[in-house]
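Letter by letter, the chains look like this.
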Amino acid sequence: MDHSSHLQKQSAHMAEIKLSERIRQQQREQQTFRNDMTSDKVHLSRQALSLILLAIIVAAIIGIVVLYQFLH
């Protein structure tokens, strides 16, 4: 095997390593993005649940006051 074909194989191998590293980096970034989206969704659903709970409590208080006014 002559010197130039050895260099070509070596540079092809280096290009392959760089490409696979770039692919792994993109996969990590996508996973991070997905995790961020999931935590945002969880946060939003918690906010929604607390708002619903607050609305139920307010409706119950109003219902009790109306019922009290109606009975007296």
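Not measured: the values here are computed from a predicted model. (Residues numbered from 1 in each chain as written. Predicted model: local features only at pLDDT ≥ 70, side-chain atom pairs only at ≥ 80, totals over all residues. Heavy atoms only, no water.)

Draft legend 1. Inspection of the overall build of the chain at higher detail. Looking only at helices and strands, the chain has one helix and zero strands in total. Overall size of the chain, expressed as C-alpha extent along the three principal axes, is 105 × 10 × 5 Å. For the chain, the residues scored as buried account for 0% of the 72 residues in total. Counting every atom, the chain has about 6900 Å² of accessible surface; 67% of that belongs to carbon and sulfur. Mean positive and mean negative side-chain charge positions of the chain (8 and 6 charges, respectively) differ by 4 Å. (Helix = DSSP H or I, 4+ residues; strand = E, 2+ residues; numbered from the N terminus. Buried < 20%, exposed > 50% of the residue type's maximum accessible area, 1.4 Å probe, protein only. Areas by Shrake-Rupley, 256 points an atom, 1.4 Å probe, with all protein chains shown as cover. Lys, Arg positive; Asp, Glu negative; His and termini not counted. Charge placed at Lys NZ, Arg CZ, Asp CG, Glu CD.)

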